[in-house]
Amino acid sequence: MSFFSLPPDILILVIGHLSVADLLSLTTVCHCLHDLVHDFGGKNILHTLPRPSKSLAKSLSLWRPLVQVKYHTLSDKSWDKQRFVARPLSRPWKDKLQPLLAINESRLFVAAGHTLYSYVFTPSEHEGATPGISFEATYQLYSRNAPRNDITSIACAPDGGSDRTLFIGFELGELQRVRLPPCKPGQADLPIDDASIRSPLPLFDHSGELIEALSTWTRVHGRRSSPRRPSTPFAAFGTSSDTPLTIHAITRTSISTKPTVTLLSSKLEGESDSDSDLKRPTAVYGIATAPPASPWGASDQIIVSGWFDGLVRVHDMRASLRTHTHLCRSLRFGTCAPATRGWSVHAPGNDISPVYSIILESSRLFGATQSRPFVYDFGPAVSPETYPSLPISRGSDGLSYKKGRDHVGFYVTKYDHPAATVNVGDH
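Residues numbered from 1 in each chain as written. Predicted model: local features only at pLDDT ≥ 70, side-chain atom pairs only at ≥ 80, totals over all residues. Heavy atoms only, no water.

Colleague: How do you make sense of the packing of aromatic side chains when you look at a structure like this?
Modeller: The geometry of two aromatic rings is summed up by the distance between their centres and the angle between their planes. Following the criterion strictly, the structure yields nine aromatic pairs and no others. Plain terms: the ring middles of Phe84 and Phe378 are 5.2 Å apart, the flat faces sit at 45° to each other, and that makes the pair tilted. In this pair, Phe84 is assigned in the loop between helix H5 (65–81) and strand S1 (85–88) and Phe378 in the loop between strand S22 (373–377) and strand S23 (414–417), connecting sequence segments 294 residues apart. Phe378 gets classed as buried once you look at its relative accessible area, which sits at 2%. Judged by centre distance (5.6 Å) and plane angle (50°), the ring pair of Tyr285 and Phe308 falls under tilted. Here Tyr285, found in strand S15 (residues 284–289), pairs with Phe308, found in the loop between strand S16 (302–307) and strand S17 (312–316); they are 23 residues apart in sequence, far enough to count as distant. The partly exposed category is assigned to Tyr285, whose relative accessible area is 46%. When its relative accessible area of 55% is taken as the criterion, Phe308 is described as exposed. A network of ring pairs unites the aromatic residues Trp79, Phe84, Trp343, Phe374, Tyr376 and Phe378 as a single cluster. Lys414 extends its terminal NZ or CZ atom over the ring of Trp343, reaching a point 5.8 Å from the ring centre. (Phe/Tyr/Trp six-rings, centres within 6.5 Å; stacked < 30°, edge-to-face > 60°. Helix = DSSP H or I, 4+ residues; strand = E, 2+ residues; numbered from the N terminus. Buried < 20%, exposed > 50% of the residue type's maximum accessible area, 1.4 Å probe, protein only. Lys NZ or Arg CZ within 6 Å of the ring centre and 35° of its normal.)

Take a look at the structure:
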């Protein structure tokens, strides 16, 4: 019996066990296998190995499944070979700031001081090429009543697909819902002071609670809701307060004023005041969801938070609501078990500043130092038009184009380091 005489359902099962290289080779055999691989082979791989990426989502949805698989495979090889394009997204800011990043499927937002920078994701030039990013506008959230009220947290909010709505926390403890108005490409310093587009939210019972971190979840995996799987969107808040990590439901127009869940407070049930003081978990500085390969599962109900006391705490909201603290596991990094070799890379221009905010996707790493935002792109077919253009600059800017890349990427300092000893233990 020849291979081609097998029933289509058997061929589909065989395709499901082939590697990416074998699938690509199979597409060159004949039109029948070419169509079969594109229709089923790529979809199987995408289903078993999802690659979440908001900046690529719209372009990937237009590509054939096998083209998406090829793109991810080439990106993985670039990660292994440490090949990437380093691109600053702007000129350095005049002041030394502590910027924050937020992202949705249409835009990348950079908040620095009281200025908000918006970058738009543009379609790829052709199927399989890295989609582009272009500068859209800058917005000013300056307030005369509070001139030093800088942005301390930012998250994108669901708004029906326009992707122009943000929840923004400020230094003085205020939370606002901001819906950015339409603009012309390249506009600068658009004022945001209209009450119809900038609405304060009375989220907390008392003022002065610095909002350090803010993240939103817009959907829950699974078809049916239950007490362990709330179906409504929610926001997670990290603050410097007695309730440093809380969950609030998101409605169509606002956020609930009272937390639906307090994941961890400074005083647990049954503790005395003295015990509480000794165990105070301090402030939450970062919030994220679990990665796809997480041992807890890639659920929107898993919340990972980074704390000032050096711990990373994992909260499983699918657990039984026996207490108001939920199931919590804390991780601390030590020096016991050997780890694999790694490598380090500086920000473009060798800025001496820390990287204050990062967003990691399948083929891109967005980051921001005190001077500007940047991106490291590991995807294929990156061109000079993929990112906002920057003139050749040396000296104060600290930038120089990387040799042999036709002015696509800039040089950055990168070096390997030997295997370290890292231990992740439960606390």
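Colleague: What exactly am I supposed to notice about the sheet that holds strand S20 (residues 357–360) here?
Modeller: Paired through backbone hydrogen bonds, the strands of a sheet run either parallel or antiparallel to each other. Strand order across the open sheet formed by four strands is S1-S22-S21-S20, with antiparallel pairing between neighbours. One side of each edge strand has no neighbouring strand; the edge strands of this open sheet are S1 and S20. Put simply, the sheet's adjacent strands are angled 15° from each other on average, direction ignored. Where strand S21 (residues 364–368) and S22 come together, five bridges link them in antiparallel fashion. Among the inter-strand pairings, Gly367 is bridged to a residue of S22, identified as Phe374. (Pairing = 2+ DSSP bridges. Axes fitted to C-alpha atoms, helices over the stretch in contact; angles between N-to-C directions.)

Colleague: Just checking my understanding: could you explain the pattern of salt bridges for this structure?
Modeller: Working definition: two side chains of opposite charge can pair if their charged atoms are close together. A complete count under the given rule lists six salt bridges for this structure. Two residues, Asp76 and Arg51, come together in a salt bridge whose shortest N-O distance is 2.6 Å. Linking Asp76 in helix H5 with Arg51 in the loop between helix H3 (31–48) and helix H4 (57–60), this pair joins segments that are 25 residues apart in sequence. With its nearest N and O atoms 3.0 Å apart, the salt bridge here joins Glu136 to Arg107. Of this pair, Glu136 sits in strand S5 (residues 132–140) while Arg107 is found in strand S3 (residues 107–112), placing the two residues 29 residues apart along the sequence. (Salt bridge = Lys/Arg side-chain N within 4 Å of Asp/Glu carboxyl O.)

Colleague: What should I look at first to understand the sheet that holds strand S8 (residues 175–179) in this one?
Modeller: Judged by pairing direction, the sheet is antiparallel, and its four strands sit side by side in the order S6-S7-S8-S10 without closing on themselves. Two strands in the sheet have a free side with no partner beyond their single neighbour: strand S6 (151–156) and strand S10 (198–201). Adjacent strand axes in the sheet meet at a mean angle of 25°, parallel and antiparallel pairs treated alike. Both S8 and S10 contribute to a ladder of four bridges, which runs antiparallel. Counterpart to Val178 in the pairing with S10 is Arg198.

Colleague: Is there a simple way to think about a nonpolar patch on the surface in this case?
Modeller: On the surface, a nonpolar cluster with roughly 240 Å² of combined accessible area is contributed by Ile10, Leu13 and Val14. Mapped onto the fold, Leu13 is located in helix H1 (residues 8–15). (Patch = residues over 30% accessible without salt bridge, like charges linked within 9 Å, V, L, I, M, F, W, Y side chains within 5 Å. Areas by Shrake-Rupley, 256 points an atom, 1.4 Å probe, with all protein chains shown as cover.)

Colleague: Would you explain the pairing of strand S2 (residues 100–103) in this entry?
Modeller: Each regular strand carries side chains that alternate between the two faces of the sheet. In S2, alternate side chains face the same way, and those of Leu100 and Ala102 on one face and Leu101 and Ile103 on the other are all buried. Relative to S3, S2 runs antiparallel, the two being bridged by four bridges. Of the residues in S3, the one forming a bridge with Ile103 is Leu108. The antiparallel hairpin formed by S2 and S3 contains three residues in its connecting segment.

Honestly, that's just the spatial picture; any functional story needs more than this.
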